[in-house]
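Examining the three-dimensional arrangement
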Amino acid sequence: MEQNEHRFTTEQRQKIYKRTLIIVMLSQVFGGAGLAAGITVGALLAGDMIGSESITGLPAALFTLGSALAALIVGRLSNSFGRRIGLSLGFITGGLGAVGVVIAAVINSVPLLFIALFIYGSGTATNLHARYAGTDLATKRQRGTAVSIAMFATTFGAVAGPNLVGVMGDFAASIGVPELAGPFILSAFAFITAGLVLWFFMRPDPLFVALNSPAPKLDVDAAPEIKETNRPVVITGAVIMVLTQVVMLAIMTMTPIHMGHHGHSLQAVGLVIGFHIAAMYMPSPITGILVDKIGRLAMAVAGGITLFAAGLVAFLAPGDSLFFISLALILLGLGWNFGLISGTALIVDGTKPTERAKMQGTTDVFIALGGASGSAMSGMVVAGASFEMLSLFGGIFSLLLIPVVIRGTKRRLGN
């Protein structure tokens, strides 16, 4: 890893830490909009172009697979050249993928759509990976909070994105672009803007500062940086996030299709997905405090229970009930939030600074692959059974988080 020879004092480190959080938050606002706009209509656009509902989970699987490759590349780039380079290039690449989706829709090319969705996944991976940048200069007692602040900023763009679906659809139609491709115009602008914000303003790079300054002792309980990566801690954090991602993406991907079958409008779909994404990110400040105060593993268990409740509500909800579908998706987002923040904190706790970005990128690869599997299978499950059965299976599957946490506790991974 390239490092800056300048040595930073504890006071300088804390100033850069606060500034980094602001820059990450700003980029996350745009990144959230790019992520949410595409997710809202991706399955609908593909279903319209392909003409078959049995593989409507495939597009989500494609951009999730693209995010897996991007997570690996962004992690390696960040580890070698710093967060600024890795995150900026990841967001800009995702924006170019969104442009490709729009072009594919205009010329009605399914192969180009699949390629573009794969590239678009770079933006989703980078948006997720950016949460780590805020933790580089945080103490162990600040890490859950640092992650949560970055994720909370995503709320503003992530909630706005789905609710601009109708507006962007009208705009697209007015310039001769298919209506369902409209949100990807917003995604392209948002991802590229997020990349430019990081490129120009994330200076000095927080990862290099962390390697060239003493860790601040803000309280007597703050632990020093570890010297060697603790793989059991990393594995536990990764499994928590992978299971959470599988359940969330499987149910979320098929919700717009399920709603369409029951006569809900595109605006109603956008509203429900907006609620879902708000639940994914808005509670983050409180979740971060709880993760730091009551423990990573306790919050992971809470995530599993919440995801089970989401699956159960979706299983029992009448298909024409906007209220109960919204409730299920809110619980789904909240459970994902608990799992991701607790798992992320464990990953940071368990990795030494010189390996941190690379290990984080590798972990996000498995998260993305798990999500891709969930997305790909979700369409087949719905086609072969029903959305209700998919939700029930997902809820039961989420309970696997509990034995994972019990095993982690027995191995004294800490909290």
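Up top you'll find the structure we're talking about.
A brief report on the enclosed structure follows.

1. A few points about the packing of helix H9 (residues 231-261) against helix H14 (residues 356-384)
The geometry of H9 relative to H14 is characterised by a closest axis approach of 7 Å and an angle of 30° between their N-to-C directions. Here H14 runs roughly parallel to H9, going by the angle between their axes. Note on packing geometry: the crossing formed by H9 with H14 is right-handed. Contacts from Arg 231, Val 234, Ala 238, Met 241, Val 242, Gln 245, Val 246, Leu 249, Ala 250, Thr 253 and Met 254 in H9 reach Met 359, Thr 363, Phe 366, Ile 367, Gly 370, Gly 371, Gly 374, Ser 375, Ser 378, Gly 379 and Val 382 in H14. A class-by-class count of the residues in the contact of H9 with H14 yields 12 nonpolar, 9 polar and 1 charged.

2. What about unusual backbone geometry?
Of note, the amide linkage connecting Arg 203 to Pro 204 takes the cis form, showing an omega dihedral of -5°. Secondary-structure assignment places Pro 204 in the loop between helix H7 (182-201) and helix H8 (206-211). Within the chain, Asn 108 stands out as a residue other than glycine whose phi angle is a positive 55°. Looking at where Asn 108 falls in the secondary structure, it is placed in the loop between helix H3 (83-107) and helix H4 (110-129).

3. Some words on the packing of helix H12 (residues 296-316) against helix H13 (residues 322-350)
One can describe the packing of H12 onto H13 by two numbers: an axis separation of 8 Å at closest approach and a directional angle of 160°. Here H12 is positioned roughly antiparallel relative to H13, judged by the angle of their axes. When the axes of H12 and H13 are compared, the crossing they make is left-handed. A class-by-class count of the residues in the contact of H12 with H13 yields 19 nonpolar, 4 polar and 2 charged.

4. Concerning the pattern of salt bridges
A side chain of one charge can pair with a side chain of the opposite charge if their charged atoms are brought near each other. Throughout the structure, instances matching the rule amount to 3 salt bridges. Between Asp 292 and Arg 296 there is a salt bridge, with its nearest N and O atoms 3.0 Å apart. Here Asp 292 and Arg 296 have matching classes, each one buried. Between Arg 296 and Asp 349 there is a salt bridge, and its shortest N-O distance comes to 2.8 Å. Here Arg 296 is found in helix H12, whereas its partner Asp 349 is found in helix H13, with 53 residues between them in sequence. A relative accessible area of 15% means that Asp 349 is categorised as buried.

5. Quick notes on a nonpolar patch on the surface
A surface patch of nonpolar side chains, amounting to about 740 Å² of accessible area, comprises Leu 65, Leu 69, Leu 72, Ile 73, Ile 115, Phe 118, Ile 119, Phe 366 and Leu 369. Elements that contribute at least two residues to the nonpolar patch include exactly helix H2 (58-81), H4 and H14. With 4 residues, H2 is the largest single contributor of residues to the nonpolar patch. Inspection of the secondary structure puts Ile 115 in helix H4. Take Ile 115: its relative accessible area is 51%, and that puts it in the exposed class.

Procedures and definitions
- Residues numbered from 1 in each chain as written.
- Predicted model: local features only at pLDDT ≥ 70, side-chain atom pairs only at ≥ 80, totals over all residues.
- Heavy atoms only, no water.
- Axes fitted to C-alpha atoms, helices over the stretch in contact; angles between N-to-C directions.
- Helix = DSSP H or I, 4+ residues; strand = E, 2+ residues; numbered from the N terminus.
- Parallel < 35°, antiparallel > 145°, perpendicular 65-115°, else oblique.
- Left-handed = near helix turned anticlockwise from the far one by under 90°.
- Contact = heavy atoms within 4.5 Å.
- Nonpolar A, V, L, I, M, F, W, Y, C, P; charged D, E, K, R; others polar.
- Salt bridge = Lys/Arg side-chain N within 4 Å of Asp/Glu carboxyl O.
- Buried < 20%, exposed > 50% of the residue type's maximum accessible area, 1.4 Å probe, protein only.
- Patch = residues over 30% accessible without salt bridge, like charges linked within 9 Å, V, L, I, M, F, W, Y side chains within 5 Å.
- Areas by Shrake-Rupley, 256 points an atom, 1.4 Å probe, with all protein chains shown as cover.

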